[in-house]
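Here is how the chains run, residue by residue.
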Amino acid sequence: MSRRRPDKRGGLQQEGTLHPRQGRVRAALFWEHPTFFDARDELQVKYEMLRAHFVDQQPVATACTAFGYSRQTFYVLRDRFGRRGIAGLRDGRPGPVAPSKCTPDVVAFLRAQRTEDPHRPTTQIMERLAKERGVHLHRRTVERLVQPRTRKKNGARR
């Protein structure tokens, strides 16, 4: 059996679980059983670090050193794992990763409304958006989205 499947790296990268610092993992089981334990799999490394402490009774500092994480990260992961299970070991905040209301389609609709009639009140644009698209946005959000884009002095968009 080969050490690692060549497609696994791409899969880990696509899922956002490719360990960026796999060279820091010094736990023996990752090197003694490389067909099962993979230091490139960040979720597996985090889980095994918690397991080493809670099941194998390794001190926190020892487990952290072996798996390449700080004690502070260990305690954060412990709490997140307790609240959310394996999902808590993933990096990033829980919840949506993209806007749910201000989709590109909604933004295009709003800007088209402003272009069609530059003097149309924001409240009318909001009402039309709610009626035609079923999307309710705050007045200030709509104002920011339909205002003309200008450039700052340094050339950055505002």
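Peer 1: Looking at this structure, how should I read the overall build of the protein?
Peer 2: Regarding its fold elements, the protein presents 8 helices and 0 strands. Sequence separation of at least 24 residues holds for 45% of the intrachain contacts in the protein that already meet a minimum separation of 6. Summing over all exposed atoms, the protein offers an accessible surface of approximately 11000 Å²; the carbon and sulfur share of this is 52%.

Peer 1: Would you explain the nonpolar core in this entry?
Peer 2: One recurring pattern in soluble globular proteins: nonpolar side chains tend to sit buried together. Of all hydrophobic cores here, the largest spans 20 residues; its most connected members are Phe30, Val45, Met49, Phe67 and Phe74. Of all the elements in the fold, those that place two or more residues in this core are helix 2 (28-32), helix 3 (42-54), helix 4 (60-67) and helix 5 (71-84). Setting aside residues up to four positions removed in sequence, Phe74 forms contacts with Met49, Leu50, His53, Phe54, Val60 and Cys64. Judged by nonpolar contacts, the second largest core, of 11 residues, contains Val107, Leu110, Ile125 and Val142.

Peer 1: Mind showing me how you'd approach the confidence of the model for the protein here?
Peer 2: Predicted coordinates in regions of low pLDDT should not be interpreted in detail. Summary statistics for the protein give a mean pLDDT of 86 and a share of 86% for residues scoring 70 or more. Within the protein, the lowest mean pLDDT, 82, falls on helix 1 (residues 8-15), and the highest, 95, falls on helix 4.

Peer 1: Please explain the packing of aromatic side chains as it appears in this structure.
Peer 2: To describe a pair of aromatic rings, you give the distance between the ring centres and the angle between the ring planes. Per the counting criterion, the structure on display carries 6 aromatic pairs. Geometrically, the ring pair formed by Phe36 and Phe37 is edge-to-face, given 4.9 Å between the ring centres and 90 degrees between the ring planes. Residue class for Phe36 comes out exposed when judged on its relative accessible area of 57%. Overall, Phe37 belongs to the buried group, its relative accessible area being 15%.

Peer 1: I would appreciate a short explanation of the environment of Tyr75 in the present structure.
Peer 2: With respect to the element layout, Tyr75 can be found in helix 5. The spacing of Tyr75 and Leu50 is 25 residues in sequence and 9.4 Å in space, taken between C-alpha atoms.

Peer 1: Any chance you could explain a nonpolar patch on the surface here in plain terms?
Peer 2: Residues Tyr47, Phe81 and Ile86 make up a contiguous nonpolar surface patch of roughly 250 Å² in combined accessible area. Within the element layout of this structure, Phe81 appears in helix 5.

Peer 1: Any chance you could explain the packing of helix 6 (residues 104-116) against helix 8 (residues 139-146) here in plain terms?
Peer 2: The geometry of a pair of packed helices is captured by two quantities: the angle between their axes and the separation between those axes. In the contact formed by helix 6 and helix 8, the axes pass within 9 Å of each other and the chain directions differ by 75 degrees. Accordingly, the angle class assigned to the pair helix 6 and helix 8 is roughly perpendicular. On the side of helix 6, the interface is formed by Val107, Leu110, Arg111 and Arg114, while helix 8 contributes Val142, Leu145 and Val146. For the contact of helix 6 with helix 8, the residue count by class is 5 nonpolar, no polar and 2 charged.

Peer 1: Please clarify how the packing of helix 6 against helix 7 (residues 122-133) should be interpreted in this entry.
Peer 2: Relative to each other, helix 6 and helix 7 sit at 135 degrees, their axes nearing to 11 Å. For the element pair helix 6 / helix 7, the angle class is oblique. For the pair helix 6 and helix 7, the crossing hand works out as right-handed. For the pair helix 6 and helix 7, the contacting residues are Asp105, Val106, Phe109, Leu110, Gln113, Arg114 and Glu116 in the first and Thr122, Ile125, Arg128, Leu129, Glu132 and Arg133 in the second. Partitioned by chemical class, the residues of the contact of helix 6 with helix 7 number 5 nonpolar, 2 polar and 6 charged.

Basis of the calculations
Residues numbered from 1 in each chain as written. Predicted model: local features only at pLDDT ≥ 70, side-chain atom pairs only at ≥ 80, totals over all residues. Heavy atoms only, no water. Helix = DSSP H or I, 4+ residues; strand = E, 2+ residues; numbered from the N terminus. Contact = heavy atoms within 4.5 Å. Areas by Shrake-Rupley, 256 points an atom, 1.4 Å probe, with all protein chains shown as cover. Core = buried A, V, L, I, M, F, W, Y, C linked by side-chain atoms within 4.5 Å. Buried < 20%, exposed > 50% of the residue type's maximum accessible area, 1.4 Å probe, protein only. pLDDT = per-residue confidence, 0-100. Phe/Tyr/Trp six-rings, centres within 6.5 Å; stacked < 30°, edge-to-face > 60°. Patch = residues over 30% accessible without salt bridge, like charges linked within 9 Å, V, L, I, M, F, W, Y side chains within 5 Å. Salt bridge = Lys/Arg side-chain N within 4 Å of Asp/Glu carboxyl O. Axes fitted to C-alpha atoms, helices over the stretch in contact; angles between N-to-C directions. Parallel < 35°, antiparallel > 145°, perpendicular 65-115°, else oblique. Nonpolar A, V, L, I, M, F, W, Y, C, P; charged D, E, K, R; others polar. Left-handed = near helix turned anticlockwise from the far one by under 90°.

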